[in-house]
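# Report on the structure
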Amino acid sequence: PAPSAPPAFCPVQPSRHIVERQSRMLSFRVEYRQRSTDVVLEDASTVGEHTRLCVREIRARGWYVSVLRVSEMADLSLNETNLLFIYTVVYFLSIAQGLSSQNYLLVISHREAQRDYNLNFPASKTIQEVKRNISDLTNIPVRHQQWDGWPASASDDSMTLASSGISYPCHHLTVCRRSSPALTVDQTDECTDVHMVSDSEGEDLEDAPEFGVDESEIFGMGSSSCRKSPMMPENSENEGDALLHFTAEFSRRYGDCHPVFYIGSLEAASQEAFYGKARDRKLLAIYLHNDESVLSNVFCSQMMCADSIVSYLSQNFITWAWDVTKEANKARLLTMCTRHFGSVVAQTIRTYKTDQFPLLLIVMGKRTSNEVLNVIQGNTTVDELMMRLMGAMEIFTAQQQEDIKDEDEREAREMVKREQDEAYRLSLEADRKKREAQEREEAEQVRQERIRKEQEEEREAIRLSLEQALPPEPKEEGGEPISKLRIRTPSGKFLERQFLGSCKLQVLFDFVASKGYPSDEFKLLTTFPRRNITQIDPAWSLVEAKLFPQETLFLEAKE
């Protein structure tokens, strides 16, 4: 471990390999894991040579700096005063390996403001898009921009940086307002951060390019404080508008290859991630950005925009983002987190310092309360970030399988209950229909019985009236001719009566009807020869009908 009060670092003598020429001295403030020291180096030789000379002194403080072969420091156009950050080689190699395409570092000097902007752009960016970004930073419209440093081949603003002929990976440009005279100013050290690789394991990486690291890439992440356009406005009316602005600014700074940020409130994102069917649930990744942190540019451009990270987040996470650079936005975030996740999460966010941002909170929905599985800080690598995301997914998948099992069992129970309820409903419906059919049948029986009774009463009334209207049965002593008729009924009984020979057949028909055999239902027949008496004119007399002096008849129902 480094001593609490490191001894003064003595300037080293120039290497014997340095070419004899007039040179200048470069002053570095070297920072590594909250430790710092001042180093003065000459710009006439390579970084690798000076690093070797510095190794002994730096190792005396418990550090180890790997030796990299880099071009002469004079070729890097450094300021006389610089801020140098040292990272572990594993961290920096992971960044380099995570690049999906070449990035150009454009060091753009704004003459009027006397400020340098160190901006990273993918090779697919056009010159026109670079100028528009500079317009946002400097408030100089594109049509009023006057540039120095573009190569002659960059004649068309629609050309991409890769085809424009600019130097890779770093190119210097100057911009000013066309209507204003060019200002001659000394270079300042503002926004000039130099990143160098170190190795905490103590391995001497003489041949760092073999690991896929372009030695010139160790220089070039400008401070985020140079950006004028905020990632998120301070007083947005709603969270959806703030996220739209955040997504647009993120794409402008780092390109279109980035996670799909959920546009909406934190509550809506939580609902979509946690409260659907168990098979459709996802983890919630909350990305917290802070432009004041020197890690933000590296984390966004090299990790959040890495193809593997973007693909993994899109498939397994709902990604929601927020910018905590402004205090008002940070306070708003803490309020939202307290409301949805509890005060512990809000207090956890409060404990992180600015230089530990950005943060990526992995949140999993649980039955009782939402749980923060992991908090990933900005000082990580692509591989470590992927491993921690995959670790969270393992925990989530195990919980999801339990939830799916519980949900399937619950749905099975509900299905059985629904089937039982449906069977019970059908049974009740069948009972109701049976009862209604029975009631209709009973009602029909009652109606038929009533009709039958009415018909019987009517027939009885007719019978009685016919019986009363019959002439009295004549006596044999009267001297008039009498006809004796014997009538056999369908039941086998016989009806006998005497009639005057002069009586009409109608009187015979009325007599038979009075006994319950009306002529519209029964026919009266003679035995031999067989004759249908009911077809004879009822006005004929019994003598005319040859039913005199006696005759046997029988009744037969009409078909």
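Before reading further, recall that the structure is shown in the block above.
What you are looking at is a predicted structure, and each value in this text was computed from that prediction instead of being measured. (Residues numbered from 1 in each chain as written. Predicted model: local features only at pLDDT ≥ 70, side-chain atom pairs only at ≥ 80, totals over all residues. Heavy atoms only, no water.)

## Let's talk about the sheet that holds strand 4 (residues 103–110)
Pairing is mixed across the open sheet formed by four strands, whose spatial order is 5-4-7-6. Single-partner strands in this sheet number two, and they are strand 5 (115–122) and strand 6 (145–148). Taking the axes of each pair of neighbouring strands and ignoring which way they run, one obtains an average angle of 30° across the sheet. Relative to the sheet, helix 3 (residues 127–138) contacts strand 4, strand 5, strand 6 and strand 7 (170–177), its axis offset from that of strand 5 by approximately 145°. (Pairing = 2+ DSSP bridges. Helix = DSSP H or I, 4+ residues; strand = E, 2+ residues; numbered from the N terminus. Axes fitted to C-alpha atoms, helices over the stretch in contact; angles between N-to-C directions. Contact = heavy atoms within 4.5 Å.)

## What to know about unusual backbone geometry
A cis geometry characterises the amide bond from Tyr168 onward to Pro169, with omega recorded as 10°. Within the secondary structure, Pro169 is located in the loop between helix 4 (161–164) and strand 7. A cis amide bond links Phe548 to the next residue, Pro549, at an omega of 0°. In this fold, Pro549 is placed in the loop between strand 15 (522–526) and strand 16 (550–557). One non-glycine residue, Gln114, lies in positive phi territory at about 55°. On the secondary structure map, Gln114 appears in the loop between strand 4 and strand 5. With a phi angle near 60°, Lys546 is a residue other than glycine that sits in the positive phi range. On the secondary structure map, Lys546 appears in the loop between strand 15 and strand 16.

## Side note on the pattern of salt bridges
This model, assessed by the stated rule, comprises 23 salt bridges. For Glu449, the salt bridge is made with Arg452, and the minimal N-O distance between the two is 2.2 Å. Of the two residues, Glu449 and Arg452 both sit in helix 11 (residues 382–469), three residues apart, roughly one turn of that helix. A relative accessible area of 31% means that Glu449 is categorised as partly exposed. Glu556 is the partner of Lys523 in a salt bridge, and the nearest nitrogen-oxygen pair spans 3.4 Å. A residue pair is termed long-range when its members are at least 10 positions apart, and Lys523 in strand 15 and Glu556 in strand 16 qualify at 33 residues. Residues joined in a network through salt bridges with shared partners are Glu249, Arg252, Arg253 and Asp291. (Salt bridge = Lys/Arg side-chain N within 4 Å of Asp/Glu carboxyl O. Buried < 20%, exposed > 50% of the residue type's maximum accessible area, 1.4 Å probe, protein only.)

## Description of the environment of Cys300
For Cys300, the position within the fold is in helix 7 (residues 296–304). Cys300 sits in the buried class, given a relative accessible area of 0%. Sequence-wise, Cys300 and Gly378 are 78 residues apart; in three dimensions their C-alpha atoms are separated by 9.1 Å. With sequence-adjacent residues up to four places away left out, Cys300 is seen in contact with Phe250, Tyr254, Tyr287, His289 and Cys305.

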